[in-house]
Structure formats: structure tokens, C-alpha cells
Amino acid sequence: PNSRFTLTRTLPIDATAAALATDVTQGLTRFPKTLPPKWFYDARGSELFEQITELPVYYPTRAEARILQDAAPETARLTGARTLVELGSGSSSKTRLLLTALGTPLTYVPVDVSESALTEAGHALTAEHPGVTVHALVADFQQRLRLPECPEPKILAFLGGTLGNLLPAERHRFLAALRALLGPDDALLLGTDLVKDPATLVAAYDDPEGVTAAFNKNVLHVLNRELGADFDPDDFTHVAAWDSENEWIEMRLRARRAVAAKLPGVDLSVDFQPGEELRTEVSAKFRRQGIRAELAAAGMRLHRWWTDPGHRFAVSLAVP
Ligand code: AVJ
């Protein structure tokens, strides 16, 4: 047994099934129909997302890694952190950059809903980073987060631009919840995609290879498998659109024809008119002043702001 890897489950086993039933019942019976993007990430959805991060048009992952090459060592120097809490399972290269920069001894707390992703990443990281102790936490970081006791100071990292998946009111609640977890010497490291020309943004969510389309349609496979639904993915087309009012990308599934879907797992029948769209994700894009204001509203100060040379993406260090 690997003494430097422990895993704690704070989500009850059936939490996921209950949460899916609630989201589907609420989201598919209102107009316009919506689903939260968390349901993309079953095993196939996670694999498709990994493929997306390698697409030439999908710049955020590479841009953030480029920023962390400088931001990670600076963050280590500025904070002297002895614990890194990462919202997201830490199976990415970003985590390795941070762990290397923070040095040892270090406690790493990856937080994710997927126990398998945590176990896989946790074992790989302890093998690669002797001197790092991993306390994995199976939790939904949008629910109330209870962290284990860890060496101070700590850094909370929420990278990849996933903050953009939350609607403005959800972002405010989420950032306030993160603020409540910070002690006086702790910090938040936040990755955010930036507002830019709409053509570049839409292209990043509608690649010619169709990987993003498959990722988007995968949520129908999740509903079919988990709720016994009878969606035919070929009845829908992938849509990526820039909403200039809200400054976010929307991904939607548009019904090619009238669709009458049955979802026995939640005792629902759901009808789509021809051309009707189901919104499956928003991905908000930010400006420096907007991030400064949202952090301030949550009781934090923007202490450092790093961008890649192309100013496509930003990483912020925020302090209480
Ligand atoms: C993982 C949520 C940051 O919003 O860019 C990628 C997910 N959706 N392509 C994003 C996603 C379509 C990604 N986040």
C-alpha cells in the first residue's frame, strides 16, 4: 500500500444519480432546455476532452501551461505554500508544473467527483513526486467543501478556465465559498480564458475534426445509459455560438427534426420542436477588470495577473 496516498469520499455513493435526476428533471422541462456541463465527463467525455486540449484550435490549455512556467515558480516564492488544493483531479500537466515549483515536503489535495480519476492521478503523482503526500477528496466542489487539516500556508488552484462554466450568480457564490476556505496567508490561483475576437473563440469550440461535436453529443449517451433514455445523437447537430452580451461561448444541441424522447429513469417524456436547441454549456470569457471586481465582491484582492504572450488566457493569484 502506498502510505503517501489516501482518498476520502465526502459524496454519498448515490449522490451522482440523484443529482443527475434533479438536473435533468429541472433542465429539460423548462424553456429553453439546459443541462449543467458536469454531465459531459463520464469516461468517454473525459477522453474526448483530453483530445480537445490537443486540438490546434483549442488554445486555452497550451496558453495556460505557458503562463504557469513563469507563474508557478513566482507563486511558490510569493506564498511559500506547503499545501496545494486543486479543484479538479490533477491528471494534467498543469499540476506537475505546480508540484515541481512548490517543492517538498508538500501536501496535494485533488478534489474531483470521479474516484477513478483521483486514484489514477494520485498514484501516478506520488510515484513521480516523492516528498508529496496526496490526500484525494471525492467531492463536488460546487457543493459545500470541507478540506482536511493540512500544513499551512495553502494554495487553492482552480485552473483550465472552468470558472467560466458557472453563470454569474453561481460564480459569486462559488468564489465566496472559496474565500471562506482561505486563511490569512493562503491564496487562490485561478485560470481564466480572456475575451478576444469571436471567430477565434467559436473556432475553439467547433473544430473541423468534430471532436467537440462528439464531446457535446456525448451528454446524450450519458442520459441514455444512466436514465434509460432513447435519444438518437444523429437527431441533433452541434452548435457553438458567441453571446456578445454575456461574453460567453454557448454550446448547444439543435434538434434536426421533431424529437419525442423517453427518459424512464426520471419518468419523463421530453419533446423537441424541429430546430429547438438544448444549451449544454456556457464558457465565459473574462477581462482583467471583471476578474478584479468578481474577486473583490467575494472578499479577495487580485495580487498578481499573468497572461501568455498572445494575451489569450490569464492566471490570477488572489489573496484574502
Ligand atoms: C474544461 C470547462 C474549461 O469551457 O473550454 C472545451 C470545456 N467545452 N471545449 C471550456 C470545453 C468545449 C472547457 N472547460
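Rules and cut-offs
- Residues numbered from 1 in each chain as written.
- Predicted model: local features only at pLDDT ≥ 70, side-chain atom pairs only at ≥ 80, totals over all residues.
- Heavy atoms only, no water.
- Helix = DSSP H or I, 4+ residues; strand = E, 2+ residues; numbered from the N terminus.
- Buried < 20%, exposed > 50% of the residue type's maximum accessible area, 1.4 Å probe, protein only.
- Polar contact = N/O pair within 3.5 Å; in protein donor to acceptor, adjacent residues only side chain to side chain.
- Contact = heavy atoms within 4.5 Å.
- Near = heavy atom within 4 Å.
- Areas by Shrake-Rupley, 256 points an atom, 1.4 Å probe, with all protein chains shown as cover.
- Nonpolar A, V, L, I, M, F, W, Y, C, P; charged D, E, K, R; others polar.
- UniProt positions renumbered as here; feature names shortened; annotations may be inferred.
- Arc of directions from axis to C-beta.
- Pairing = 2+ DSSP bridges.
- Axes fitted to C-alpha atoms, helices over the stretch in contact; angles between N-to-C directions.
- Right-handed = clockwise from strand over helix to strand, strands pointing away.

Some details on the side chain of Thr280
Secondary-structure assignment places Thr280 in strand E12 (residues 277–284). For Thr280, a relative accessible area of 1% puts it in the buried group. Reaching out from Thr280, the side chain makes a polar contact with the side chain of Asn216 at a distance of 2.7 Å. Setting aside its immediate chain neighbours within four residues, Thr280 contacts Leu35, Pro36, Pro37, Phe40, Asn216, Val219, Met251, Arg252 and Leu253.

Some details on the site of the ligand
Around the ligand, a shell composed of 13 residues is seen, among which Tyr58, Gly160, Tyr205, Glu281 and Ser283 lie nearest. At a separation of 2.8 Å, a nitrogen atom of the ligand approaches a polar side-chain atom of Glu281. One of the side-chain nitrogen or oxygen atoms of Ser283 is found 2.8 Å away from an oxygen atom of the ligand. For the ligand, whose free accessible area comes to 350 Å², the fraction covered by protein is 96%. Secondary-structure elements contributing two or more residues to the shell around the ligand are helix H2 (43–53) and E12. Among the residues making up the shell around the ligand, the classes are represented as seven nonpolar, five polar and one charged.

As for the UniProt feature "binding site: L-histidine" (unreviewed entry) in the chain
Look at the UniProt record and you will see "binding site: L-histidine" (unreviewed entry) annotated at Tyr58, Asn165, Tyr205, Glu281, Val282 and Ser283. Looking at Tyr58, the relative accessible area reads 7%, which means it is buried. Contact partners of Tyr58, with chain neighbours within four places excluded, come to Phe49, Ile52, Thr53, Ala204 and Tyr205. Sequence-distant contacts of Ser283, that is, excluding residues within four places in its chain, are made with Gly164, Asn165, Tyr205, Trp248 and Ile249.

Examining the environment of Glu250
Inspection of the secondary structure puts Glu250 in strand E9 (residues 248–255). Put simply, Glu250 and Gln143 are 107 residues apart on the chain and 24 Å apart in space, counted from C-alpha to C-alpha. The contacts of Glu250, once residues within four sequence positions are left out, are Val239, Ala240, Ala241, Asp243, Arg279, Glu281 and Val282. Polar contacts involving the side chain of Glu250 include one to the side chain of Trp248, which spans 3.0 Å.

Brief notes about helix H4 (residues 93–102)
For H4, the full list of buried residues reads Lys94, Thr95, Leu98, Leu99 and Leu102. For H4, the angular spread of the buried residues around the axis is 130°, confining them to a single face. At its buried positions, H4 is contacted by helix H3 (60–79), strand E3 (83–87), strand E4 (106–112), helix H5 (115–128), strand E6 (154–158) and strand E7 (187–193). Once H4 ends, the next one or two residues include Gly103, with phi positive near 70°.

Quick word on the sheet that holds E3
Read from one edge of the open sheet, eight strands run E1-E5-E4-E3-E6-E7-E14-E13, paired in mixed fashion. Every interior strand has two partners, whereas the edge strands, strand E1 (5–9) and strand E13 (301–307), have only one. Shown here is a sheet whose adjacent strand axes are inclined to one another by a mean of 20°, direction ignored. Here E3 runs beside E6; their pairing, made up of four bridges, is parallel. Opposite Thr83, over in E6, you have Lys154 as the bridge partner.

Observations regarding the pairing of E6
E6 sits mainly inside the fold: five of its five residues count as buried. Of the two faces of E6, the one holding Lys154, Leu156 and Phe158 and the one holding Ile155 and Ala157 are both buried throughout. Of the strand pairs in this sheet, E6 and E7 are connected by four bridges, and their pairing is parallel. Within E7, the residue paired with Ile155 across the bridge is Ala187. Once the chain exits E6 it traverses helix H6 (residues 168–181) before rejoining the sheet at E7, and the crossover so formed is right-handed.

With respect to the pairing of E13
Of the pairings in the sheet, the one linking E13 to strand E14 (residues 313–319) comprises six bridges and is antiparallel in character. Paired with Thr307 across the bridge in E14 is Ala314. Joining the antiparallel neighbours E13 and E14 is a turn of five residues, in which His311 adopts a positive phi near 50°.

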